[in-house]
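# Summary of the model geometry
One letter stands for each residue in the lines below.
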Amino acid sequence: MVSATESVGPFTLLRLERGELEPGVPGQFFMLEAPGRVLPRPMSLCQAPHGELAFLIDPIGPGTRALCALRIGEAIHVLGPLGNGFDLDLSRPLLVAGGIGIAPMPYLAAALGDPPAILGFRTEHHAEAAGLLPGAEIVVEPRLVTELLQDDPGDVLACGPEPMLEAVRRRVPRAQLAWEARMACGYGACYGCVVEIDGRYRRLCVDGPVVRDAA
Ligand SMILES: Cc1cc2nc3c(=O)[nH]c(=O)nc-3n(C[C@H](O)[C@H](O)[C@H](O)COP(=O)(O)OP(=O)(O)OC[C@H]3O[C@@H](n4cnc5c(N)ncnc54)[C@H](O)[C@@H]3O)c2cc1C
Ligand code: FES
């Protein structure tokens, strides 16, 4: 059941009562029923306050717009946590995110003890979402997150659009990257999320979103 909704720049933070669901490992995702749509939509867990699961949603199409339009007290079906999250056994974590790729970062930052973070956004309005990750360095286009990466940036954990992930990987081949694909089932049954990564076809819902042995 929806416990609250908050505007965060152009995005909506949708807070749901947790019920029996576990929050899982940062980087894992949940399939959220999108009212009026046949298929659920994959969403990364953004925050896990006591008794709640919170998702940051970019209203880019009918499913995400329906989720952002939910009202307090409405109920939706939620499945998860699903997929592979980030490996958190790191000595020098650095979070890197672009756009709605900020979504899994607050939960990840909480698990890692608030490590440094670099965030990139298309506009100042989108950059209002940086308020979810206090202390992060922020760039707004035409500047790019890769401009802020040092020569030895540490253990990079990244989420964002594919060109950003590719650019981060060129600079930091060992970076952990959370990839995206369209998903229908979320648990390996439909093959709708198959993508080619380094010449191998992967079902991103079960082999990702954080693909361990992609390099
Ligand atoms: C593991 C995972 C975690 C995600 N976490 C979040 C999140 O925390 N917050 C959030 O806002 N979004 C997240 N997404 C993306 C979100 O699921 C899609 O934006 C949503 O399903 C689009 O549905 P729609 O009906 O609104 O738009 P559609 O009509 O389905 O799509 C609108 C446009 O976006 C494109 N598109 C849709 N889905 C994707 C995708 N997965 N990758 C690339 N392009 C796509 C379409 O081609 C189309 O151009 C995540 C996706 C994945 C796979
Ligand atoms: S979404 Fe169905 S197999 Fe991945």
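Residues numbered from 1 in each chain as written. Chains lettered and ligands numbered in written order. Predicted model: local features only at pLDDT ≥ 70, side-chain atom pairs only at ≥ 80, totals over all residues.

## Re the domain arrangement of the chain
Considered domain by domain, the chain is made up of domain 1 (2-82) and domain 2 (93-179). For domain 1 and domain 2, the distance between their C-alpha centres works out to 21 Å. Between domain 1 and domain 2, the residue contacts involve 13 residues of the former and 15 residues of the latter. Its residues assigned to classes, the side of domain 1 that touches domain 2 comprises eight nonpolar, four polar and one charged. (Domains from an automatic or database assignment. Contact = placed C-beta atoms within 7 Å. Nonpolar A, V, L, I, M, F, W, Y, C, P; charged D, E, K, R; others polar.)

## Concerning the sheet that holds strand β2 (residues 11-17)
As summarised here, the arrangement of the three strands in space is β1-β2-β5, forming an open sheet in which the pairing is antiparallel. Here the strands that pair on one side only, and so sit at the sheet edges, are β1 (2-8) and β5 (52-57). Looking at each pair of strands side by side, their axes are set apart by 15 degrees on average, direction ignored. Taken together, the six bridges between β2 and β5 define a ladder with antiparallel strand orientation. Paired with Thr12 across the bridge in β5 is Ile57. (Pairing = 2+ DSSP bridges. Helix = DSSP H or I, 4+ residues; strand = E, 2+ residues; numbered from the N terminus. Axes fitted to C-alpha atoms, helices over the stretch in contact; angles between N-to-C directions.)

## Describing the site of ligand 1
Lining the immediate environment of ligand 1, one finds 21 residues, of which Asp58, Gly61, Gly63, Thr64 and Ala103 sit closest. Elements represented by at least two residues in the shell around ligand 1 include exactly β4 (41-44), β5 and α1 (62-68). Broken down by element, the shell around ligand 1 gets its largest block of residues, four residues, from β4. Looking at side-chain class alone, the shell around ligand 1 contains 13 nonpolar, four polar and four charged residues. (Near = placed C-beta within 6 Å.)

## Brief notes about the pairing of strand β10 (residues 155-159)
Most of β10 is tucked away: five of the five residues are buried. The alternating pattern of β10 places Asp155, Leu157 and Cys159 on one face and Val156 and Ala158 on the opposite face, and all of these are buried. Where strand β7 (residues 93-98) meets β10, five bridges bridge the pair, whose relative direction is parallel. Among the inter-strand pairings, Ala97 is bridged to a residue of β10, identified as Cys159. Pairing of β10 with strand β11 (residues 176-178) involves three bridges; the strand directions are parallel. Considered in β11, the bridge of Leu157 is made with Gln176. Handedness of the β-α-β unit built from β10, helix α4 (residues 162-171) and β11 comes out right-handed. (Buried ≥ 20, exposed ≤ 12 C-beta atoms within 10 Å, placed from the backbone. Right-handed = clockwise from strand over helix to strand, strands pointing away.)

## Here we look at α4
When α4 is considered as a whole, its buried residues turn out to be Met164, Leu165 and Val168. End-on, the buried residues of α4 take up no more than an arc of 100 degrees, which puts them together on one face. Among the exposed residues of α4, those oriented more than 90 degrees off its buried face are Pro163, Glu166 and Arg170. In this fold, the buried residues of α4 make contact with β7, β10 and β11. (Arc of directions from axis to C-beta.)

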